Amino acid sequence: MIGAGQRVSVQVPATSANLGPGFDCMGVSLSMWDHVTVTTRQQPGLLIQVAGEGHDTVPRDESHLVVATLRQGLVDLGHPHPDIGLELSARNHTPQSRGLGSSASAIVSGLCLAWGLARPGEPLDRDHLLTMATAIEGHPDNAAPAILGGAQVAWLQDGEVHHIGLDVHPAIRFRAYVPNRHVPTALARHVLPKMIPRSDAVHQVLASTLLVTALTSAPDRLLAATQDWIHQPYRRPLMPESGALIDRLRRAGVPAVISGAGPTVLALGTAEMLSGADEVEADGFLVLDLELAGGARLLALEERAGQE
């Protein structure tokens, strides 16, 4: 049973989904972390402190995505007191609503915290948490790398979540170009067509197949492997600056894609390949050099009764 004064902390990485042609089924974890701690309280209700990204926009009530997911996780994990008083402290580094998996990070944070409180001392059951996260998100392309780390191909089949980890070539690095604007994921999905030309589908299958090879053993093929036909062209009017940056990067020989639903641009390749981006104009974008990261980490469960 959860008592007052128990504390659990979790770190969850940013993620980038799609990588061009791997639409809704491929993603990577990146070395930028959200840190969230929850402490149980004797008093009912909720206290929330947020620093960093989203500190001035996220709600401070039960609608906070980490809190809502944590509460639901406690229910799903069979704990009898999911409404216990909580104090939540978050330090967010993942930009909000920019295509770097901030929603997945919040959901995974909530589920991991629920696990730490409901199953103290037990290691994370990552497959179970991925199933729970996918039920909330609807697709596992961000949740899989957030929970499992690295590069993941993940999909739903007959109601079950499946995943395959990719052994990414050690020379591959990542560079994110983050604009100071948001694109709601719902809007980015709304503009996608229900039908696409057969030729585009054929190109997409070829590129997505090549992408697995390029990521694992042939980085020199990343420029061709990151070309997309079925989502980026239709989303471009929502983020013209990002589309123009991708054009400039790719003309310079740098593999570049829209990260998730955008508007962040992700460049990926070897150090030599990314050096071609150094002369590419990127005014209006925050540039972050990142590496492949591990998955969510449950850091601590502490008894603080009598210390408050």
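This text goes with the structure placed above it.
Read on for a plain summary of the structure.

Calculation notes
- Residues numbered from 1 in each chain as written.
- Predicted model: local features only at pLDDT ≥ 70, side-chain atom pairs only at ≥ 80, totals over all residues.
- Heavy atoms only, no water.
- Helix = DSSP H or I, 4+ residues; strand = E, 2+ residues; numbered from the N terminus.
- Rg over C-alpha atoms; globule rule 2.2 N^0.38 Å.
- Buried < 20%, exposed > 50% of the residue type's maximum accessible area, 1.4 Å probe, protein only.
- Salt bridge = Lys/Arg side-chain N within 4 Å of Asp/Glu carboxyl O.
- Pairing = 2+ DSSP bridges.
- Axes fitted to C-alpha atoms, helices over the stretch in contact; angles between N-to-C directions.
- Contact = heavy atoms within 4.5 Å.
- Parallel < 35°, antiparallel > 145°, perpendicular 65-115°, else oblique.
- Left-handed = near helix turned anticlockwise from the far one by under 90°.
- Nonpolar A, V, L, I, M, F, W, Y, C, P; charged D, E, K, R; others polar.
- Right-handed = clockwise from strand over helix to strand, strands pointing away.
- Phe/Tyr/Trp six-rings, centres within 6.5 Å; stacked < 30°, edge-to-face > 60°.
- Lys NZ or Arg CZ within 6 Å of the ring centre and 35° of its normal.
- Expected span 1.5 Å × (residues − 1).
- Arc of directions from axis to C-beta.

1. Some remarks on the overall build of the chain
Phase 1 of the analysis: A tally of helices and strands in the chain yields ten helices and eleven strands.
Phase 2 of the analysis: Its C-alpha radius of gyration of 20 Å places the chain within 12% of the 19 Å reference for a compact globule of 308 residues.
Phase 3 of the analysis: Across its three principal directions, the C-alpha atoms of the chain cover 60 × 40 × 35 Å.
Phase 4 of the analysis: Here the chain holds 308 residues, and the buried ones make up 53% of them.

2. Some points on the pattern of salt bridges
Pairs can form between side chains of opposite charge once their charged atoms are near each other.
Phase 1 of the analysis: Scanning all chains against the criterion turns up nine salt bridges.
Phase 2 of the analysis: Measuring nitrogen to oxygen at the nearest pair gives 2.6 Å for the salt bridge that ties arginine 175 to aspartate 289. With a gap of 114 residues between them, arginine 175 in strand β7 (residues 173-179) and aspartate 289 in strand β10 (residues 285-290) connect regions that are remote in the sequence.
Phase 3 of the analysis: By relative accessible area, which is 55% here, aspartate 289 ends up exposed.
Phase 4 of the analysis: Where arginine 236 meets aspartate 247, a salt bridge forms, and the shortest distance between an N and an O atom there is 2.4 Å. Taken together, the positions of arginine 236 in the loop between α8 (232-235) and α9 (240-251) and aspartate 247 in helix α9 put the pair eleven residues apart, joining distant regions of the chain.
Phase 5 of the analysis: Given the relative accessible area of 34%, arginine 236 is considered partly exposed.
Phase 6 of the analysis: You can call aspartate 247 partly exposed: its relative accessible area is 28%.
Phase 7 of the analysis: Put simply, Arg175, Asp278 and Asp289 are held in one network by salt bridges that share partners.

3. Notes on the sheet that holds strand β8 (residues 256-258)
Phase 1 of the analysis: The strand order β8-β9-β7-β10 describes an open sheet built from four strands, whose pairing is antiparallel. Single-partner strands in this sheet number two, and they are β8 and β10. In this sheet, neighbouring strand axes are inclined to one another by 20° on average, regardless of whether the strands run parallel or antiparallel.
Phase 2 of the analysis: Where β7 and β10 come together, six bridges link them in antiparallel fashion. By the bridge assignment for β10, phenylalanine 174 is matched with leucine 290.
Phase 3 of the analysis: On the sheet, α9 packs against β7, β8, β9 (265-269) and β10 and is oriented at approximately 165° with respect to β8.

4. Looking at the packing of helix α2 (residues 102-118) against helix α3 (residues 126-137)
Phase 1 of the analysis: Taken N-terminus to C-terminus, the directions of α2 and α3 make an angle of 135°; their axes are 10 Å apart at the nearest point. With respect to α3, the element α2 is oriented oblique. By crossing handedness, the relation of α2 to α3 is classed as right-handed. Counting all contacts with α2, which are made through Ser103, Ala104, Ile107, Leu111, Cys112 and Trp115, the residues of α3 involved are His128, Leu129, Met132, Ala133, Ile136 and Glu137.
Phase 2 of the analysis: Grouping the constituent residues of the contact of α2 with α3 by class yields nine nonpolar, two polar and one charged.

5. Side note on the pairing of strand β3 (residues 46-52)
Phase 1 of the analysis: In this structure, β3 lies alongside strand β4 (residues 85-92), joined through seven bridges in parallel fashion. The partner of glutamine 49 across the bridge, within β4, is serine 89.
Phase 2 of the analysis: The parallel pair β3 and β4 is bridged by helix α1 (residues 65-76), and the resulting crossover is left-handed.

6. Some thoughts on the packing of aromatic side chains
Phase 1 of the analysis: Within the structure shown, the criterion is met by zero aromatic pairs.
Phase 2 of the analysis: The ring of tryptophan 115 carries the charged tip of arginine 119 above its face, separated from the ring centre by 4.9 Å.

7. Some points on α9
Phase 1 of the analysis: For α9, which comprises twelve residues, the first-to-last C-alpha distance of 17 Å matches the rise-based estimate of 16 Å (1.5 Å per residue) to within 8%.
Phase 2 of the analysis: Among all positions of α9, only Ser242, Gly243, Leu245, Ile246, Leu249 and Arg250 are buried. Along the long axis of α9, the arc covered by the buried residues comes to 160°, so they all point the same way.
Phase 3 of the analysis: Where α9 is buried, its residues meet β7, α7 (222-225), α8, β8, β9 and β10.
Phase 4 of the analysis: Phi turns positive, to about 85°, at glycine 253, one or two residues after α9.

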